[in-house]
Amino acid sequence: MADAVDQFADPTAAIDLEERIVDLVRAKDRAGLQRLAEQIDDKDASALTAIGNLFDAAQGTGSETDPDVARLALSLGPCHYANVLVREVAFVIAEDGTQTVERGGVVDVAGTDVDDLYAAMMRDCRRLKGLPEHEARIGRPDR
């Protein structure tokens, strides 16, 4: 689990994935989005599961009571959430029938708040890491 926490603490991974998603949405490349979702699943499934278990532990809904797990759960921050959420955006967009709309250079995903949650977590992550401000390309952080 600690490896998943370390892996998902890096904001550049989320930013790079955000760029790839936006490029595929703009190109209307549904097959490319589906391939990207499959690649994410292949590469990150175990880390996503581990982080999901930590989310549950942090909310008190998991069955884990191990103090080490609790400590890891409490160490999760906005960069972790942003990394998970941008992957969820890719999964949601790759689903057949999911609509995206681009307004003012920002991709919005119809029928979900995951895009706005991602934008808010990425904004907070960048601030905490001392990275320069940047306009969200997926979602709107202040909705």
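Preceding this section is the structure that the text describes.
Please read these numbers as outputs of a predicted model, since none were measured by experiment.

Caption draft 1: Structural view of the overall build of the protein chain. A tally of helices and strands in the protein chain yields six helices and two strands. Listing every helix and strand of the protein chain by position from the N terminus yields α-α-α-α-α-β-β-α. The C-alpha radius of gyration of the protein chain comes to 15 Å, within 12% of the 15 Å expected for a compact globule of 143 residues. For the protein chain, the C-alpha atoms occupy an extent of roughly 45 × 30 × 25 Å along the three principal directions. Across the 143 residues in the protein chain, those meeting the buried criterion constitute 43%. Sequence-distant contacts in the protein chain: of pairs separated by 6 or more residues, those separated by 24 or more amount to 71%. With the model as given, the accessible surface of the protein chain reaches about 7,700 Å², and the carbon-plus-sulfur share is 49%.

Caption draft 2: Quick peek at the state of the cysteines. This model, assessed by the stated rule, comprises one disulfide. Cysteine 79 shares a disulfide with cysteine 125; S-S distance 1.9 Å. Taking the torsion about the sulfur-sulfur bond, which here is approximately 90°, the covalent link between cysteine 79 and cysteine 125 counts as right-handed. Remark: cysteine 125 occurs in helix H6 (residues 114-129) and cysteine 79 occurs in helix H5 (residues 78-94); sequence separation between them is 46 residues.

Caption draft 3: Up close: the packing of helix H2 (residues 11-26) against H6. Relative orientation of the contacting elements H2 and H6 amounts to 140°, with a least axis distance of 11 Å. In terms of their interaxial angle, H2 and H6 are classed as oblique. As for the relative orientation of H2 and H6, their crossing is left-handed in sense. Across the interface between the two elements, Pro11, Ala14, Ile15 and Glu18 from H2 touch Tyr118, Met122, Cys125, Arg126 and Lys129 from H6. Grouping the amino acids of the contact of H2 with H6 by side-chain chemistry returns six nonpolar, no polar and three charged.

Caption draft 4: Spatial organisation of the packing of aromatic side chains. Under the defined criterion, the tally for this structure stands at zero aromatic pairs. Sitting over the face of the ring of phenylalanine 8, arginine 87 holds its NZ or CZ atom 4.6 Å from the ring centroid.

Caption draft 5: Region of the structure containing the pairing of strand S1 (residues 100-103). Here S1 pairs with strand S2 (residues 106-109) via four bridges, running antiparallel. Note on S2: the bridge partner recorded for glutamate 102 is valine 107. The hairpin formed by S1 and S2 contains two residues between the paired strands, and glycine 104 there has a positive phi angle of roughly 60°.

Caption draft 6: View of the pattern of salt bridges. Under the defined criterion, the tally for this structure stands at nine salt bridges. Residue glutamate 102 is joined to arginine 26 by a salt bridge in which the shortest nitrogen-to-oxygen separation is 2.7 Å. Here arginine 26 lies in helix H2 and glutamate 102 lies in strand S1, a separation of 76 residues in the sequence. Residue glutamate 102 is classed as partly exposed on the basis of its relative accessible area, which comes to 37%. A salt bridge links aspartate 124 to arginine 123, with the nearest nitrogen and oxygen atoms 3.1 Å apart.

What counts and what doesn't
Residues numbered from 1 in each chain as written. Predicted model: local features only at pLDDT ≥ 70, side-chain atom pairs only at ≥ 80, totals over all residues. Heavy atoms only, no water. Helix = DSSP H or I, 4+ residues; strand = E, 2+ residues; numbered from the N terminus. Rg over C-alpha atoms; globule rule 2.2 N^0.38 Å. Buried < 20%, exposed > 50% of the residue type's maximum accessible area, 1.4 Å probe, protein only. Contact = heavy atoms within 4.5 Å. Areas by Shrake-Rupley, 256 points an atom, 1.4 Å probe, with all protein chains shown as cover. Disulfide = S-S within 2.5 Å. Axes fitted to C-alpha atoms, helices over the stretch in contact; angles between N-to-C directions. Parallel < 35°, antiparallel > 145°, perpendicular 65-115°, else oblique. Left-handed = near helix turned anticlockwise from the far one by under 90°. Nonpolar A, V, L, I, M, F, W, Y, C, P; charged D, E, K, R; others polar. Phe/Tyr/Trp six-rings, centres within 6.5 Å; stacked < 30°, edge-to-face > 60°. Lys NZ or Arg CZ within 6 Å of the ring centre and 35° of its normal. Pairing = 2+ DSSP bridges. Salt bridge = Lys/Arg side-chain N within 4 Å of Asp/Glu carboxyl O.

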